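One letter stands for each residue in the lines below.
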Amino acid sequence: MQKRDIAIAGCGPGGLAVALFLHRAGHRITLYERFAAAQPVGSGLMIQPTGLAVLDALGLADALTRQAAPIQGLHGISVTSGRLALLMDFATLGPAPRAYGTHRALLFSILHDAVQREGIAIETGRTITGTMLRADGGRALTFEDGRDSPRFDLVVDAMGARSPLSRRAADL
C-alpha cells in the first residue's frame, strides 16, 4: 500500500477518529483546527452501537464505557399533545447496554489523547476557507490568513454541515 499525505480539516470527534484510523493504516496525517487549542464543542450526547463499534475498532470503547452512563431505553412525550411519542427498551435487543450517555468532553478527551500518544500532527489556529487543486494533482487547504497548506494527496472534511469545503454549506 502506498503511504499518502492526508489533511483532516476539523479536530472534533469525527476528525480525531478518522485521523487514528488513517494513521494506523500507515498514512501521514495532519489535523487542522481553527481554535487556538483543540477542544470539545457542545454538551451531552448519546453514543449508539455504530459509535461504540468505531471506538471498539480503535481500542477505545472501554475507556468510554467505564466513565459513561449506560442508557437502558428512550421514553419521549410529545410536547404538544402530552402523548407517548417514543418508547424504546434496549433490553429487548439483548443483555448488553446498547447506548451510553456521555459528555462531549469525555469522548473528545479519549480520542484526542490517543491522537497525541500516536504523534499525529495537529496544527491549531488555522481557520480553513477552502481547498484548491494543485497542478500536480494534489490538494492544498487555503486559510483565512491568505496562506496555503502544503500539498496533500487527500483532504478529509470533518468540519460539519457548515464547512466551507462543502458545496452544500452555502445552502444551509
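It should be noted that the structure appears before, not after, this text.
Cut-off values and rules
- Residues numbered from 1 in each chain as written.
- Predicted model: local features only at pLDDT ≥ 70, side-chain atom pairs only at ≥ 80, totals over all residues.
- Heavy atoms only, no water.
- Phe/Tyr/Trp six-rings, centres within 6.5 Å; stacked < 30°, edge-to-face > 60°.
- Helix = DSSP H or I, 4+ residues; strand = E, 2+ residues; numbered from the N terminus.
- Buried < 20%, exposed > 50% of the residue type's maximum accessible area, 1.4 Å probe, protein only.
- Pairing = 2+ DSSP bridges.
- Right-handed = clockwise from strand over helix to strand, strands pointing away.

What is the right way to read the packing of aromatic side chains from this model?
One pair of aromatic rings is described through two measures. These are the centre distance and the angle between the planes. Under the criterion given, the structure shown has 2 aromatic pairs. Ring geometry for Y32 and F143: centres 5.4 Å apart, planes at 45°, overall tilted. Highlighted residues: Y32 in strand β2 (residues 28–32) and F143 in strand β10 (residues 139–143), separated in sequence by 111 residues. Exposure class is identical for Y32 and F143. Each is buried. Residues Y32 and F152 carry aromatic rings whose centres are separated by 6.1 Å and whose planes lie at 85° to one another, so their mutual orientation is edge-to-face. Separated by 120 residues along the polypeptide, Y32 in strand β2 and F152 in the loop between β10 and β11 (154–157) bring together distant segments of the chain. With respect to burial, Y32 and F152 carry one shared label: buried. Each member of the aromatic cluster is reached from another via a ring pair, and the members are Y32, F143 and F152.

Sorry, what's going on with the pairing of strand β1 (residues 5–9) here?
Summarising burial for β1: 4 of the 5 residues are buried, a large majority. Across 5 bridges, the pairing between β1 and β2 is parallel. What sits directly across from I8, in β2, is L31. Of the crossover connections in this fold, the one passing from β1 over helix α1 (residues 13–24) to the parallel β2 is right-handed. Here β1 runs beside β11; their pairing, made up of 4 bridges, is parallel. Across the sheet, the residue bridging to I6 is L154, located in β11.

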